[in-house]
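# Structural features, examined
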Amino acid sequence: MVAGELVQEHLRADAGALDDITVCGRKKESAGLEERCGARWDTEAETEPAREREAPLPDEREAMLPHGGGCGGEEEEENEEGGRKPETRLYLSRFAVLAVFSLYSMVNAFQWIQYSIIANVFTRYYGVTNDKVDWLSIAYMVAYVPLIFPATWLLDRRGLRITALLGSGLNCAGAWLKCASVSPGLFGVTVAAQVVCSVAQVFILGLPSRLASVWFGPREVSTACATAVLGNQLGTAIGFLLPPVLVPNTPDDVELTGHNISTMFYGTAAVSTALFFLAIIVIKDRPPLPPSQAQAVLPDAPPEDYSYKQSIINLIKNKAFVLLLISYGIMTGSFYSVSTLLNQMIMDCYENQELNAGRIGLTLVVAGMVGSILCGVWLDYTKTYKMTTLLVYVLSFLGMVVFTFTLDLKNIYLVFFTAGVLGFFMTGYLPLGFEFGVEITYPESEGTSSGLLNAFAQIFGIIFTLIQGKLTTDYSSLAGNLFLCAWMFLGILLTALIKSELKRHNVNIGADSNHQMPLPTDCPHDYPSEKQTNGVKLEPSFSFSRETSL
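For every chain, the first residue of the written sequence is number 1, and numbering continues from 1 along that sequence. For this predicted model, a pLDDT threshold of at least 70 governs which residues receive local features, and a threshold of 80 or more governs which side-chain atom pairs are given and counted, while totals over whole chains, interfaces and linings are taken from all residues. Water and hydrogen atoms were dropped before computing side-chain values, which therefore reflect all heavy atoms in the structure.

### Overview of the overall build of the protein chain
From N to C terminus, the protein chain includes 22 helices and zero strands. In this scheme, a residue with accessible area under 20% of its type's maximum is buried, one over 50% is exposed, and one in between is partly exposed, where area comes from a 1.4 Å probe on protein chains only. The buried share among the 550 residues of the protein chain stands at 56%. Each accessible area is a Shrake-Rupley estimate made with a 1.4 Å probe; only the visible protein chains count as cover when residues are assessed. About 22,700 Å² of surface is accessible on the protein chain, with carbon and sulfur atoms providing 63% of the total. Segments assigned H or I by DSSP are reported as helices when at least four residues long, segments assigned E as strands when at least two residues long, and all are numbered from the N terminus.

Next comes the structure, spelled out in structure tokens:
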């Protein structure tokens, strides 16, 4: 299942952090601050040559530091700590970490969709109704909502490695338990196995943004996040393609059906086991040196006064993030619903097309994988998070409208094309939401923000799947798809209202632009308090980059 999930570390730096711009001579400006508090700060400050004339001649060591070692009169030790940029480095091992994570995320997504894409086969084999098979997919969404909070707490407190191994290990255990459920009377065992896999994905979906931020540089972080999400999408694509091939519809031979199901389950278990051992070897919490300045200013572990509850409160109070939560939930929930019910929609309009239903699902997801990578590269190049997210949302809505009104035209090849267009934008949107969430909520934890995004996606996915399934069964696939179109239009409006402030991007460009004088934001009383920043003391900071809102 996608998510994941796709994003921010906690900023627990001192008052000299790179995103807090301290100007020498600030005390001279503070005299008239009360008079100007109702308006903007005075943007004029001493120029660099003026400061050099007033300050005493630096010694050779101070001359080697940026800004001549800092403001005059500072301690030499403080100059060394505050004036020099932290060392950063990129390691080749980051690609191995990304590859292993993407692969076991792929297997988890495969296990999510492997039942619903051949729902007619499993209903006949286990002697159950369609809605019970649908719940094998919905179980992923139901398990995520209550477990996301302990999962993100574990990610914040224990780090990337423990969380990743827990997700990979549970995924492996669930796959082996499914091997014991291959019998017409053991539907309960396969439900239990799917629940274990559902718990595993809680520890998987929230990792793409954390992994990308901790291991990859600022010019590749969006692409890395998109690639991590890509693994999940690839698993969904394989889940659409392989089950109809491995388990063809043989209604007259139950024994052959059981043998085919067993082959699929044992193959999945073997791959899951190999990837679990690779995860143990490859995945680490973080590299020896940080990959970016945004990561360099953050400590390796949460401070003593860090509050997970306060972090959640800070995110909920962020109006832009709340709007993103709802709009992301609508889009991703719609994708989950379409993926779960695709077999039923195709079978409703085209008889005996189980194999083509899987191929259409494959087309939808593969096109989305291409869209995800292109969107990630575009974000790394332009940093236009708000406009890119809104544009992709609009195009996803238009793709859904076209798919809805061309589904029952009795032209299966047209459905392939419209599904590909829909998938390119709808699935391509998913990593955009993660990266956009990172920017507007930095320095809160990436795991917490992406976890909340995924939680809302699961909630909307459950609601949309149940309602669309009911509409499709009682009326037609047209009614169910129109229901999704209405909600996606609402998501466009909410996305347009998001106020975009690129906080993480500001830290990275601020570290490389020490002599820039950006425009100030507001008066000191408008800045967040220490409680609002979760124990982090922030001096008045200035935004280098902000996108406009409609």
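### Re the environment of alanine 269
Here alanine 269 shows up in helix H12 (residues 254-282). As for alanine 269 and cysteine 179, which are separated by 90 residues in sequence, their C-alpha atoms are 7.9 Å apart. Every residue pair with non-hydrogen atoms within 4.5 Å of one another is taken to be in contact. When sequence neighbours within four positions are dropped, the list of residues in contact with alanine 269 reads Ala175, Trp176 and Cys179.

### A short note on the pattern of salt bridges
When their charged atoms lie close together, side chains carrying opposite charge are able to pair. Salt bridge, as applied in this entry: a Lys or Arg side-chain nitrogen positioned within 4 Å of an Asp or Glu carboxyl oxygen. Applying the stated criterion to the full structure yields two salt bridges. Close ionic contact of glutamate 220 with arginine 94 constitutes a salt bridge, the shortest N to O distance being 3.0 Å. Linking glutamate 220 in the loop between helix H10 (207-215) and helix H11 (221-246) with arginine 94 in helix H5 (residues 93-113), this pair joins segments that are 126 residues apart in sequence. With a closest N to O distance of 3.4 Å, aspartate 474 and lysine 470 form a salt bridge.

### Observations concerning the packing of aromatic side chains
Here a ring pair, both rings aromatic, is described through the centre-centre distance and the interplanar angle of the planes. Each aromatic pair joins two rings of Phe, Tyr and Trp (for Trp, the six-membered one) with centres within 6.5 Å, and gets the label stacked for planes under 30 degrees apart, edge-to-face for over 60, and tilted for any other angle. Counted according to the given criterion, the structure contains 19 aromatic pairs. Consider the rings of tryptophan 112 and tyrosine 336, whose centres lie 5.8 Å apart with planes at 70 degrees: the pair is edge-to-face. Placement of the pair is tryptophan 112 in helix H5 and tyrosine 336 in helix H15 (residues 319-349), with a sequence separation of 224 residues. Overall, the relative accessible area of 0% leaves tryptophan 112 in the buried class. Residue classification places tyrosine 336 among the buried residues on the basis of a relative accessible area of 0%. When the ring of tyrosine 115 is compared with that of phenylalanine 122, the centres are 4.8 Å apart and the planes differ by 55 degrees; the resulting orientation is tilted. Each member of the pair, tyrosine 115 as well as phenylalanine 122, is classed as buried. By the ring-pair criterion, three or more aromatic residues cluster together here, those being Tyr115, Phe122, Tyr125, Tyr126, Phe187 and Phe265. Criterion for a charge above a ring: Lys NZ or Arg CZ within 6 Å of the ring centre, and within 35 degrees of the ring normal. Positioned above the aromatic ring of tyrosine 350, the side-chain terminus of lysine 410 is 5.8 Å from the ring centre.

Coordinates in, geometry out; function isn't part of it.
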